[in-house]
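# Examination of the molecular architecture
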Amino acid sequence: MIDIQGLQKSFGDHVVLKDIHMHIDKGAVVALLGPSGSGKSTLLRCVNLLTIPDKGSIRVGTHEMTYSGDATRLPGDRALARFRANTGMVFQHFNLFPHMTALQNVMEGPLTVLRTPKAQAREQALALLAKVGLQDKAEQHPAQLSGGQKQRVAIARALAMQPQVMLFDEVTSALDPELVGEVLGVIRDLALDGMTMILVTHEMSFAREVADQVVFMRDGVVLESGPAAEVIDRPQHAATQQFFARYHAGMAA
Amino acid sequence: MYEWNFAYLWQYRQLFANGLMVTVGYSLLCIVLGLAVGLLAGIGGLAKSRLIHLPLKWYVELFRATPVLVLIIWFYYALPVLIGVTMTASVAAVLALSLYGGAFYAEIIRGGIVSIDPGQSDAARALGMTRFQVMRRVVLPQALRRMTPPLMNQSIMQLKNTSLLSVLALPDLVYQGQAVAHETYRPLEAYTLIALMYIAILLPASKLVRRLESRRAE
């Protein structure tokens with residue numbers, strides 16, 4: 001489903017992604033873990049081309065983009081938009097559209113991008129809001145919702161585009177602890193439904209429970225990769241062990 | 001002690017009324033045209049292509065660095081000679097004032113757009129929207145709301161700037177005030193009256209802007 005080959009990205013002199021290769025099967029849930037600055041968010045943003053890589057190729061389903069490092073032949077805005085419509089992304093800071101209601105937020109993708117008729121988009125949006133447990137908040141504006149509710153609306157908004165892949169960028173990091181659970185519940189349900197997902201997260205227990213595969217990154221490279229339980233319980237590299245040290249100590253207590 | 005006599009001006013009320021119409025007329029024209037120019041220059045200033053955004057940046061910098069009066073005079077006396085086209089004082093005045101206002105509007109508009117959290121366009125692009133759709137559906141609706149008080153303030157300034165059109169003998173409120181002052185030898189009453197007329201328009205306008213700003217701050 002997802003194939004990443006030789007991905008490289010620098011911001012000025014700072015090399016963020018050195019040479020990334022990754023393969024993700026359909027229906028797999030991959031957790032991207034690592035310290036800050038390891039490049040995991042940048043990698044996630046490259047998967048849906050929010051960040052354009054310097055070099056490498058990305059394939060999501062049937063959509064493929066290759067970058068040869070030749071800055072003069074970047075794909076056009078339309079091609080990029082079409083690629084992105086295929087993936088859904090949920091952000092750490094929600095990024096809901098404040099001038100629209102929750103329902104309008106969820107309808108926005110299908111209405112504007114897919115040109116779905118309004119009545120149909122409305123129906124689908126209401127169903128999605130019900131799926132995340134927020135059908136009675138449909139007419140509320142984001143400012144009136146709690147963090148956990150905002151994030152669930154954001155998930156519904158991304159799902160409205162019927163993407164092949166869902167990307168989650170530290171979606172619970174900005175939430176109060178008591179609100180984290182409701183969002184993780186929705187993500188768990190999506191995983192059980194068979195959605196292909198990449199999660200950048202600090203929720204180790206959740207990653208261990210829900211993810212099939214864990215990819216540990218550090219300084220722009222993939223250090224370790226493998227089945228979730230294995231990488232988290234029995235890390236091979238010193239850096240990985242150090243990263244999971246606190247988690248292990250917590251689990252042992 | 002000077003003896004104020006406003007009643008003496010009553011016979012010239014038609015002139016003052018005409019002057020007011022001309023002032024308001026030119027103001028509206030220059031505000032609308034200025035906004036149109038400002039919108040193009042503001043959004044164009046954000047374009048990636050240097051061919052587009054560089055000339056626009058020069059235009060904005062140039063017109064913001066020149067006093068309005070100098071621009072008005074230059075457009076009337078110098079420009080026709082330069083491009084070999086004769087133009088009426090009216091045309092030169094509207095051109096100068098619209099382009100002047102446009103430069104300031106452009107900066108307000110550009111600033112408003114840039115002030116929108118990049119996360120908004122991230123989310124819009126992640127849904128698959130083109131840059132045009134992002135602007136139209138997500139960024140501009142939010143930015144325009146934010147820009148309204150400063151745009152209105154600039155429009156108030158445009159109105160005040162129309163007072164300089166009297167220099168080109170355009171029959172605005174100031175010009176009429178001068179005419180009446182000269183004829184009646186009562187400059188105090190004439191000029192005080194036109195000052196009061198400007199205040200009568202602009203004070204409510206300022207109050208409206210202030211109210212919009214405080215409502216946004218909630």
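Residues numbered from 1 in each chain as written. Chains lettered and ligands numbered in written order. Predicted model: local features only at pLDDT ≥ 70, side-chain atom pairs only at ≥ 80, totals over all residues.

Turning to the overall build of chain B, a few remarks are in order. From N to C terminus, chain B includes eight helices and zero strands. Dimensions of chain B, computed from C-alpha atoms along their principal axes, come out at roughly 75 × 50 × 25 Å. Counting all 218 residues of chain B, 35% fall into the buried class. (Helix = DSSP H or I, 4+ residues; strand = E, 2+ residues; numbered from the N terminus. Buried ≥ 20, exposed ≤ 12 C-beta atoms within 10 Å, placed from the backbone.)

A word on the interface of chain B and chain A. Between chain B and chain A, the residue contacts involve 16 residues of the former and 20 residues of the latter. Contributing elements (two or more residues each) for the side of chain B that touches chain A: α5 (118–126) and α6 (131–161) of chain B. Taken together, the residues of the side of chain B that touches chain A break down into six nonpolar, six polar and four charged. (Contact = placed C-beta atoms within 7 Å. Nonpolar A, V, L, I, M, F, W, Y, C, P; charged D, E, K, R; others polar.)

Before going further, it helps to spend a moment on the packing of helix α3 (residues 68–83) of chain B against helix α4 (residues 89–114) of chain B. All names here are of chain B. Two elements in contact, α3 and α4, have axes whose closest approach is 9 Å; the angle formed by their N-to-C orientations is 140°. Judged by the inter-axis angle, α3 sits oblique to α4. Crossing handedness for the pair α3 and α4: right-handed. Together, V68, L71, I72, F75, Y76 and L79 of α3 and A89, A92, A93, L95, A96, L97 and Y100 of α4 make up the contact between the two elements. Taken together, the residues of the contact of α3 with α4 sort by class into 13 nonpolar, no polar and no charged. (Axes fitted to C-alpha atoms, helices over the stretch in contact; angles between N-to-C directions. Parallel < 35°, antiparallel > 145°, perpendicular 65-115°, else oblique. Left-handed = near helix turned anticlockwise from the far one by under 90°.)

The next thing to look at is the pairing of strand β10 (residues 221–227) of chain A. Residue and element names in this part refer to chain A. Both strand β9 (residues 213–218) and β10 contribute to a ladder of six bridges, which runs antiparallel. Note on β10: the bridge partner recorded for Q213 is P227. Joining the antiparallel neighbours β9 and β10 is a turn of two residues, in which D219 adopts a positive phi near 55°. (Pairing = 2+ DSSP bridges.)

A few words on the nonpolar core. Counting 129 residues, the largest nonpolar core has A:L32, A:V106, A:L199, A:A207, A:V214 and B:I72 as the members making the most contacts within it. Among the elements that make up this core, the one with the highest residue count is α4(B) (14 residues). Taken domain by domain, this core gets at least three of its residues from each of domain 1 (2–86 + 166–252) and domain 2 (98–162) of chain A. In contact with A:L32, other than residues within four places in its own chain, are A:K40, A:L43, A:L44, A:I198, A:L199, A:V200, A:V215 and A:M217. (Core = buried A, V, L, I, M, F, W, Y, C linked by C-beta atoms within 7 Å. Domains from an automatic or database assignment.)

Strand-to-strand pairing in sheets goes through backbone hydrogen bonds, with the strands running parallel or antiparallel. All names here are of chain A. Judged by pairing direction, the sheet is mixed, and its six strands sit side by side in the order β6-β7-β8-β3-β9-β10 without closing on themselves. Edge positions in the open sheet fall to β6 (87–90) and β10, since each of these has one partner strand only. Between one strand axis and the next, the sheet turns by 15° as a mean value, whatever way the strands run. Pairing between strand β3 (residues 29–33) and strand β8 (residues 196–200): four bridges, direction parallel.

Another point: the sheet that holds strand β1 (residues 2–11) of chain A. Residues and elements named next belong to chain A. Across the sheet, four strands lie side by side as β2-β1-β4-β5; this open sheet has antiparallel pairing. Strands with a single pairing partner mark the edges of an open sheet, and in this sheet they are β2 (14–24) and β5 (63–68). Across this sheet, the average inter-strand angle for adjacent strands is 15°, counted without regard to direction.

Let us look at the domain arrangement of chain A. When the parts come together, some accessible area is lost, and that loss is often what is quoted as the size of the interface. Residues and elements named next belong to chain A. What the domain assignment lists for chain A is domain 1 (2–86 + 166–252) and domain 2 (98–162). Opposite the 10 residues of domain 1 that make contact, domain 2 presents 10 residues. Broken down by class, the residue content of the side of domain 1 that touches domain 2 amounts to eight nonpolar, no polar and two charged.

All names here are of chain A. With six bridges connecting them, strand β4 (residues 55–60) and β5 associate as antiparallel partners. Following the sheet pairing, V60 is matched in β5 by H63. Between β4 and β5, which pair antiparallel one after the other, the connecting turn spans two residues, and G61 there sits at a positive phi close to 65°.

Here we take up the environment of A:A160. Residues and elements named next belong to chain A. Structurally, A160 can be placed in the loop between α5 (147–159) and β7 (165–169). Taking the number of C-beta atoms within 10 Å as the measure of exposure, A160 has 26 and is therefore buried. Counting along the chain gives 103 residues from A160 to S57, while the straight-line C-alpha distance between them is 27 Å. When residues no more than four places from it in sequence are discounted, the contact partners of A160 are V106, G109, P110, Q124, A125 and L128.

Before going further, it helps to spend a moment on helix α8 (residues 187–217) of chain B. Between the first and last C-alpha of α8(B) there are 44 Å, a value that for 31 residues agrees with the 45 Å anticipated at 1.5 Å per step. Elements in contact with the buried residues of α8(B): α1 (13–44) and α7 (173–184) of chain B. (Expected span 1.5 Å × (residues − 1).)

Note that predicted coordinates carrying low pLDDT should not be read in detail. Residue and element names in this part refer to chain B. Taken as a whole, chain B shows an average pLDDT of 91; of its residues, 99% reach a score of 70 or greater. Mean pLDDT in chain B bottoms out at α8, which sits at 89, and peaks at α5, which reaches 95. Both scores are available for the predicted complex, with the pTM at 0.83 and the ipTM at 0.90. (pLDDT = per-residue confidence, 0-100.)

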